[in-house]
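Topology and contacts: notes
Here's the letter readout for the chains.
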Amino acid sequence: MTEQEKEFITEAIRLSIANVEESKGGPFGAVVVKDGKIIARGTNCVTSHNDPTAHAEVVAIREACRVLNSFQLTGCEIYSSCEPCPMCLAAIYWARPDKLYYANSKEDAAAIDFDDNFIYEEIAKPVSERSLFTKQINRDEAIVAFDKWRDSNNKIAY
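Now for a quick tour of the structure. (Residues numbered from 1 in each chain as written. Predicted model: local features only at pLDDT ≥ 70, side-chain atom pairs only at ≥ 80, totals over all residues. Heavy atoms only, no water.)

For the rest of this paragraph, the subject is a nonpolar patch on the surface. Where nonpolar side chains cluster on the molecular surface, the patch consists of Phe-71, Trp-94, Trp-149, Ile-156 and Tyr-158 and spans about 660 Å² of accessible area. Considering the arrangement of structural elements, one finds Trp-94 in helix H4 (residues 86-95). (Patch = residues over 30% accessible without salt bridge, like charges linked within 9 Å, V, L, I, M, F, W, Y side chains within 5 Å. Areas by Shrake-Rupley, 256 points an atom, 1.4 Å probe, with all protein chains shown as cover. Salt bridge = Lys/Arg side-chain N within 4 Å of Asp/Glu carboxyl O. Helix = DSSP H or I, 4+ residues; strand = E, 2+ residues; numbered from the N terminus.)

What follows is the structure, encoded as structure tokens:
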């Protein structure tokens, strides 16, 4: 581990501890780094914002994209106090940073009742076998938007 990596993961961990001490949400923190500088910080704000998507990594990604005025984090690194959950991991892949570092493992999170294993299991199942009732409807109507996107000369691919 380099001194910079230690500095950035320490900040993510500090954010996670402060978040618990200040009763703002779960014990998670994240930072986004570009060119050796922290450009965004995030903490878990699920309960304080009544937003199930307000995980530390997502909050940090949103802020970093705002700072960079971009929908991608190419050239950036993400440091998280914990191995990202499936939602955050997907968001990180969509954001396209160059690297991801984390401290606590998903097993550590599961030990304090933040267990995401059921989501990994659900994703692997066929739609008809998932615990959340799911049914495809109105595809013929909805496919029009996809056809328009496919044929558009004005789209920005991502």
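Right, picking up where we left off after that structure.
Turning to the pairing of strand S3 (residues 76-82), a few remarks are in order. Burial within S3 is extensive, with 7 of its 7 residues counted as buried. Alignment of S3 against strand S4 (residues 99-104), held across 5 bridges, turns out to be parallel. Each residue of the ladder has a partner; that of Cys-82, found in S4, is Asn-104. Once you follow S3 into H4 and on to S4, the crossover reads as right-handed. (Buried < 20%, exposed > 50% of the residue type's maximum accessible area, 1.4 Å probe, protein only. Pairing = 2+ DSSP bridges. Right-handed = clockwise from strand over helix to strand, strands pointing away.)

Tallying each qualifying case throughout the model produces 8 salt bridges. Close ionic contact of Arg-41 with Glu-11 constitutes a salt bridge, the shortest N to O distance being 2.8 Å. Of this pair, Arg-41 sits in strand S2 (residues 37-43) while Glu-11 sits in helix H1 (residues 3-21), and the two are 30 residues apart along the sequence. Take Arg-41: its relative accessible area is 43%, and that puts it in the partly exposed class. By relative accessible area, Glu-11 is classed as buried at 12%. In this structure, Arg-66 engages Glu-63 in a salt bridge whose closest nitrogen and oxygen atoms are separated by 2.6 Å. With Arg-66 and Glu-63 both in helix H3 (residues 56-68) and 3 residues apart, this pair spans about one turn of that helix.

The general pattern is negative phi for most residues beyond glycine and trans for most peptide bonds. Although it is not a glycine, Arg-96 sits at a positive phi angle of roughly 60°. Summarising the element assignment, Arg-96 is placed in the loop between H4 and S4. In this structure Arg-96 comes out as partly exposed when scored by relative accessible area, which is 32%. Residues other than glycine seldom take positive phi values, yet Asn-138 does so here, at roughly 55°. Positionally, Asn-138 belongs in the loop between helix H6 (117-124) and helix H7 (139-151).

Read from one edge of the open sheet, 4 strands run S2-S1-S3-S4, paired in mixed fashion. Each of the sheet's edge strands pairs with one partner strand only, and the pair in question is S2 and S4. Across this sheet, the average inter-strand angle for adjacent strands is 15°, counted without regard to direction. Sheet analysis places strand S1 (residues 29-34) next to S3, joined by 5 bridges and oriented antiparallel. The partner of Val-33 across the bridge, within S3, is Glu-77. (Axes fitted to C-alpha atoms, helices over the stretch in contact; angles between N-to-C directions.)

Moving on to the environment of Ser-128. Note that Ser-128 resides in the loop between H6 and H7. When the C-alpha atoms of Ser-128 and Pro-27 are compared, they prove to be 34 Å apart, with 101 residues separating the residues in sequence.

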